[in-house]
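Breakdown of the fold
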Amino acid sequence: MEKQKNISFPSNLHGHTTYCDGKNKAEEYILKAIGKNFISIGLSGHSYVYFDKEPNMSLDGTLKYIEEMKFLKEKYKNKIQVYIGIEADFYSGFNPKVDKNLGLDYRIGSVHYVKDKVKDEYYCVDATPEILAYAIKNYDNGDEKSLILAYYNNIIEMIHTQKPDILGHLDLVRKFNSDGRYFDENSEWYNRKVDEVLDEIAKADIIVEINTGGISRGWTKTPYPSVSILEKIFKRNIPITLSSDAHTVENIDYYFRESVEIAKKVGFKSLKIMRDGKFYDFEI
Ligand SMILES: [Zn+2]
Ligand SMILES: [Zn+2]
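Residues numbered from 1 in each chain as written. Chains lettered and ligands numbered in written order. Predicted model: local features only at pLDDT ≥ 70, side-chain atom pairs only at ≥ 80, totals over all residues. Heavy atoms only, no water.

1. A short note on the coordination of the zinc ion (ligand 2)
Which entries qualify depends on this criterion: Because water is not among the atoms used, a metal site may look incomplete, as its donors are only the N, O and S atoms within 2.8 Å, or 3.2 Å for Na, K and Ca. Tetrahedral means four donors with every angle between 85 and 135 degrees, whereas square planar (four donors) and octahedral (six donors) require angles over 155 degrees between opposite donors and between 65 and 115 for all others; sites fitting neither are termed irregular.
Surrounding the zinc ion (ligand 2) are the protein donor atoms H14 (NE2), H16 (NE2), E87 (OE) and D245 (OD), at 2.0 to 2.2 Å. Seen from the zinc ion (ligand 2), its four donor atoms lie at angles of 81 to 169°, and the figure they make is irregular. Each donor residue of the zinc ion (ligand 2) lies on the same chain, and together they follow the pattern H-x1-H-x70-E-x157-D. Metal-to-metal, the separation of the zinc ion (ligand 2) and the zinc ion (ligand 1) is 3.5 Å; E87 coordinates the two.

2. Let's talk about the pattern of salt bridges
Worth spelling out the cut-off: When a carboxyl oxygen of Asp or Glu is within 4 Å of a side-chain nitrogen of Lys or Arg, the pair counts as a salt bridge. Here a strand is any run of E in DSSP of at least two residues, a helix any run of H or I of at least four, and the numbering for each starts at the N terminus. Here's how the labels work: a residue is buried when its accessible area is under 20% of the maximum for its type, exposed when over 50%, partly exposed in between, all with a 1.4 Å probe on protein chains only.
Taken as a whole and judged by the stated rule, the model has 21 salt bridges. For K117, the salt bridge identified is with D140, shortest N-O distance 3.4 Å. With K117 in the loop between strand 5 (113–115) and strand 6 (122–124) and D140 in the loop between helix 3 (129–138) and helix 4 (144–162), this pair connects stretches of sequence that are 23 residues apart. On the basis of relative accessibility, which here comes to 57%, the residue K117 falls in the exposed class. Residue E196 pairs with K193 through a salt bridge whose shortest N-O separation is 3.1 Å. Here E196 pairs with K193, and both are found in helix 5 (residues 188–204), just three residues apart, close to one helical turn.

3. Examining the coordination of the zinc ion (ligand 1)
Note on the zinc ion (ligand 1): its protein donors are E87 (OE), H112 (NE2) and H169 (NE2). The metal-donor distances range over 2.0 to 2.2 Å. For H112, a relative accessible area of 5% corresponds to the buried category.

4. Topic: the packing of aromatic side chains
One pair of aromatic rings is described through two measures. These are the centre distance and the angle between the planes. Our working definition: Two aromatic rings, drawn from Phe, Tyr or Trp (for Trp, its six-membered ring), form a pair once their centres lie within 6.5 Å of each other, and the interplanar angle then sorts them: stacked below 30 degrees, edge-to-face above 60, tilted otherwise.
Per the stated rule, a full pass over the model turns up 19 aromatic pairs. With centroids separated by 6.3 Å and ring planes inclined at 85°, the aromatic side chains of Y123 and Y139 adopt a geometry described as edge-to-face. With Y123 in strand 6 and Y139 in the loop between helix 3 and helix 4, this residue pair connects regions lying 16 residues apart in the sequence. Taking relative accessible area as the criterion, Y123 reaches 1% and is therefore assigned buried.

5. Brief notes about the pairing of strand 2 (residues 40–46)
Note the cut-off: In this scheme, strands are said to pair when DSSP sees at least two bridges between them. For crossovers, right-handed means that the path from the first strand over the helix to the second runs clockwise, given strands pointing away from the viewer.
For strand 2, the buried fraction is high: seven of the seven residues fall into the buried class. The side-chain alternation of strand 2 yields two buried faces, one formed by S40, G42, S44 and H46 and the other by I41, L43 and G45. Inspection of the sheet shows strand 1 (residues 11–12) paired to strand 2 by two bridges, in the parallel sense. Its bridge partner lying in strand 2, N12 is registered against I41. In this region the chain leaves strand 1, passes through helix 1 (residues 26–35) and returns to the parallel neighbour strand 2; the handedness of that crossover is right-handed. In this fold, the crossover linking strand 2 to strand 3 (residues 81–89) by way of helix 2 (residues 59–75) has right-handed handedness.

6. Observations concerning the packing of helix 1 against helix 2
Where we set the bar: Lines are fitted to the C-alpha atoms to define the axes, a helix being fitted only along its stretch in contact, and any angle between axes, read from their N-to-C directions, falls within 0 to 180 degrees. For this classification, under 35 degrees means roughly parallel, over 145 means roughly antiparallel, 65 to 115 means roughly perpendicular, and everything else is oblique. Each crossing is labelled by how the near helix is turned from the far one, with a counterclockwise turn of less than a right angle marking it left-handed and a clockwise turn marking it right-handed. Here, two residues are considered to be in contact whenever any of their heavy atoms come within 4.5 Å of each other. Residue polarity is assigned by list, with Asp, Glu, Lys and Arg as charged and Ala, Val, Leu, Ile, Met, Phe, Trp, Tyr, Cys and Pro as nonpolar; anything else, Gly included, falls into the polar class.
Here helix 1 crosses helix 2 at 30°, and the two axes come no closer than 10 Å. Taken together, the axes of helix 1 and helix 2 are roughly parallel relative to one another. For the crossing formed where helix 1 meets helix 2, the hand is right-handed. Contacts between helix 1 and helix 2 involve A26, E27 and I30 on the former and, on the latter, E68, M69, L72 and K75. Split by residue class, the contact of helix 1 with helix 2 holds four nonpolar, no polar and three charged.

7. Some thoughts on the sheet that holds strand 4 (residues 106–110)
Pairing in this open sheet of seven strands is parallel, and the strands run 1-2-3-4-7-8-9 from one edge to the other. A strand with exactly one partner marks an edge of an open sheet, and here the two such strands are strand 1 and strand 9 (240–243). Against the sheet, helix 8 (residues 256–266) contacts strand 1, strand 8 (207–211) and strand 9, and its axis sits at roughly 160° relative to strand 9.

This is the structure:
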């Protein structure tokens, strides 16, 4: 695909509206994307999970969100390509069979929680440093390794059972770990596990997103996944895309220019972009 001038990447498929924990309405994102000369814009409401209602869409809200997106897709079809997505949490159990009749254009598969091995309790790895510390302390035998490995095991299971189009914020467990305070990202056990996950992704035809949401919210200094993981992704020929995980319209292309530079430095020549209902290579 032709490179466009003055625009680092003219699309974003990861954004949240007021149906979940986003601050803006779907139409506001679409208007912002039109203003930025985007080729396509997709939104990806957090799927319903029964044990954490606050940040996620309700069941009823999910249907309303999809209806509204269908209406907006039609309304703006001469100005921009609008796509209807969902950020399907692992514990929502979405898969091509379950969501077949919803009218989704794509699914981002994300792991945000790890379920306790014994109790009916779900530990969120995405909420606050305190909740992460609580999760580490209470999960299994209480060391950081158990929780982090369980997080990645959920990703592997999600790849096999749910087959998302895009894998969301691959190393989200790094969110509160900028000073290496919770686990060592250079440790052998961590890297071995990441290798295992990436080998599964490579077999499954799934796109990994470079996600700038951790930076825009002030938690990380670099996008997900880390540069060392991006290098592993590049070696395996796994395709990548770029998204901002926007919770406000201002962040629709947050850190895109810098992220494209990071991807280029690793060796990537293109990013996947959704156009005419399919994923194409966008040259960088
Ligand atoms: Zn997420
Ligand atoms: Zn998100």
